Amino acid sequence: MIQDIYPHAYHNEYHDLQPQENDFILIFHKNKALVRYNGEKLRYPTFNELKGFECAYHYLFSIDEYKYFLAYPSEQLLKNTDQGTPSILLSGYRYEDVRIFRSAPSKHNAFAGITAHHLFSWYQSNQFCGCCGQRMVPDHNERMLYCPSCHNMVYPKISPAVIVGVLNGNKILMSKYAGRPYTNYALIAGFTEIGECAEQTVAREVMEEVGIKVKNIRYYKSQPWAFSGSLLMGFFCDLDGSDKITLDTSELAEAGWFSREEIPLEDDHISLTREMIMQFKRGNV
Ligand SMILES: [Zn+2]
């Protein structure tokens, strides 16, 4: 899966650090990242290469001994740039859509990129206090933003969601999303609502999207999925009662029961959804 970067190791313990010469710097403009990418190698600018720009930095995490930082252009730099265009341009680097991180072959670097973008979105949307409107200040002991005026504390936002493999004997339920760029078969999925546990999310989402009941809900694995700011939790479960599908057409374009032999997909080594489908196809569940 996307987070499986062995033999590299991801270290996300919080440290209050400033960047040094060869540390990697992540710079985002909306949904684009400043990278050097030729379809094979993926590289980020180093602190050295950014010396001409006035920026503020947040330490993000390390992979092995390499440190990654988020750079924010200074207010002055932003003021001097046309709205809608990036304020930092570097020779040899281009702004690429963060979707490249889904398939870029330098997997640990791609994981760094998309994880950094998740943190960037959080810093970006919490510049001001949601209670009183004051500018938020980063804490020095943990990854938290606080309001010096009303003491509101904000921690990184991670939205839990479930992925569900519904089994019916030798068949699994697969579906296609309506109106999304991803057009391959997927499993039923949905965000956990306030006041419910993950198992209740599983039963509710399956009922809402395809109108069937499930039982024997069992946990499989989880996955950080920064593209939607979520922690995905995978569950398998069994059909309980009628297998008649009633499609929620606002969410799904189609859904149906597939035997192991009928599954037209191969492993992508990226998503939990795909791994779960492959586990079924190979007869492991
Ligand atoms: Zn406040």
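Per chain, residues are indexed from 1 in the order of the written sequence. Per-residue local features are limited, in this predicted model, to residues with pLDDT of at least 70; the limit for side-chain atom pairs, both in listing and counting, is 80 or more; totals at the level of whole chains, interfaces and linings are taken over all residues.

## As for the overall build of the protein chain
Next up, step 1: Per the convention used, a helix needs a DSSP run of H or I reaching at least four residues, while a strand needs a run of E reaching at least two, with both numbered from the N terminus. For the protein chain, the helix and strand inventory stands at 4 helices and 17 strands.
Next up, step 2: Projecting the C-alpha coordinates of the protein chain onto the three principal axes gives extents of approximately 65 × 45 × 35 Å.
Next up, step 3: Put simply, the protein chain has 285 residues, and 30% of those count as buried.
Next up, step 4: Taking as baseline every contact in the protein chain between residues at least 6 positions apart, the subset at least 24 positions apart corresponds to 59%. For every residue, the other C-beta atoms within 10 Å of its own C-beta are counted; 20 or more classify it as buried, 12 or fewer as exposed, and values in between as partly exposed. C-beta atoms are placed from the backbone. Contact between two residues is assigned whenever their backbone-derived C-beta positions fall within 7 Å.

## Details of the sheet that holds strand β11 (residues 153-154)
Next up, step 1: At least two bridges found by DSSP between two strands is the condition for calling them paired. A sheet is described by the order of its strands in space; here 3 strands give the open sequence β9-β10-β11, paired in antiparallel fashion. The sheet is open, and its two edges are formed by β9 (137-138) and β11, each paired on a single side.
Next up, step 2: Bridge count for strand β10 (residues 145-146) against β11 is 2 bridges, and the pairing is antiparallel. Within β11, the residue paired with Y146 across the bridge is M153.

## Brief notes about unusual backbone geometry
Next up, step 1: Y6 connects to P7 through a cis peptide bond whose omega is 10°.
Next up, step 2: Positive phi, normally seen in glycine, also occurs at D64, with a value near 55°.
Next up, step 3: With respect to the element layout, D64 can be found in the loop between β6 (55-63) and β7 (66-73).
Next up, step 4: Located in the positive-phi region is H151, a residue other than glycine, with phi close to 65°.
Next up, step 5: Tracing the chain through its elements places H151 in the loop between β10 and β11.
Next up, step 6: Judged by local crowding, H151 falls into the exposed class, with 10 C-beta atoms found within 10 Å.

## Topic: the domain arrangement of the protein chain
Next up, step 1: Segmentation into domains, and thus their bounds, comes from an automatic or database assignment. Splitting the protein chain by domain gives domain 1 (10-125), domain 2 (128-156) and domain 3 (159-281).
Next up, step 2: On a C-alpha basis, the centroid separation for the pair domain 1 and domain 3 is 33 Å.
Next up, step 3: Each partner contributes residues to the interface: domain 1 has 6 residues there, and domain 3 has 4 residues.

## Details of the environment of R135
Next up, step 1: Within the secondary structure, R135 sits in the loop between α2 (107-125) and β9.
Next up, step 2: For R135 and L145, which are 10 residues apart along the polypeptide, the C-alpha to C-alpha distance reads 9.8 Å.
Next up, step 3: When neighbours within four sequence positions are excluded, R135 is seen to be in contact with Q127 and F128.

## Re the environment of H118
Next up, step 1: For H118, the position within the fold is in helix α2.
Next up, step 2: Using a count of 20 C-beta atoms within 10 Å as the deciding quantity, one classes H118 as buried.
Next up, step 3: Note: C-alpha distance between H118 and S228 (110 residues apart in sequence) is 8.3 Å.

## Observations concerning the sheet that holds strand β1 (residues 10-11)
Next up, step 1: With respect to topology, 4 strands assemble into an open sheet ordered β1-β6-β7-β2, the strand pairing being mixed. Strand pairing shows two members of the sheet lacking a second neighbour, β1 and β2 (24-26), which therefore form its edges.

## What to know about helix α3 (residues 198-210)
Next up, step 1: Multiplying one less than the number of residues by 1.5 Å gives the expected span of a helix. Between its terminal C-alpha atoms α3 stretches 18 Å, which fits the 18 Å expected from 13 residues at 1.5 Å a residue.
Next up, step 2: Within α3, burial applies to T201, V202, E205, V206, E209 and V210. Along the axis of α3, the buried residues cluster in a sector spanning 125°; they form a single face.
Next up, step 3: Structurally, α3 contributes buried residues whose contacts are with β12 (159-168), β13 (171-177), β14 (188-191), β15 (214-225), β16 (230-239) and β17 (252-259).
Next up, step 4: Backbone geometry just downstream of α3 places G211 in the positive-phi region, at approximately 70°. Directions are taken from the helix axis to each C-beta atom, and the arc is the one they span.

## Let's talk about the nonpolar core
Next up, step 1: Think of a nonpolar core as buried Ala, Val, Leu, Ile, Met, Phe, Trp, Tyr and Cys residues, each tied to the set through C-beta atoms within 7 Å. L26, V164 and L187 are the most contacted members of the largest nonpolar core, which has 59 residues in total.
Next up, step 2: It is α2 that provides the largest number of residues to this core, a total of 7 residues.
Next up, step 3: Here this core spans two domains, since at least three of its residues come from each of domain 1 (10-125) and domain 3 (159-281).
Next up, step 4: Beyond its immediate sequence surroundings of up to four residues, L187 is in contact with I163, V164, G165, M174, T273, M276 and I277.

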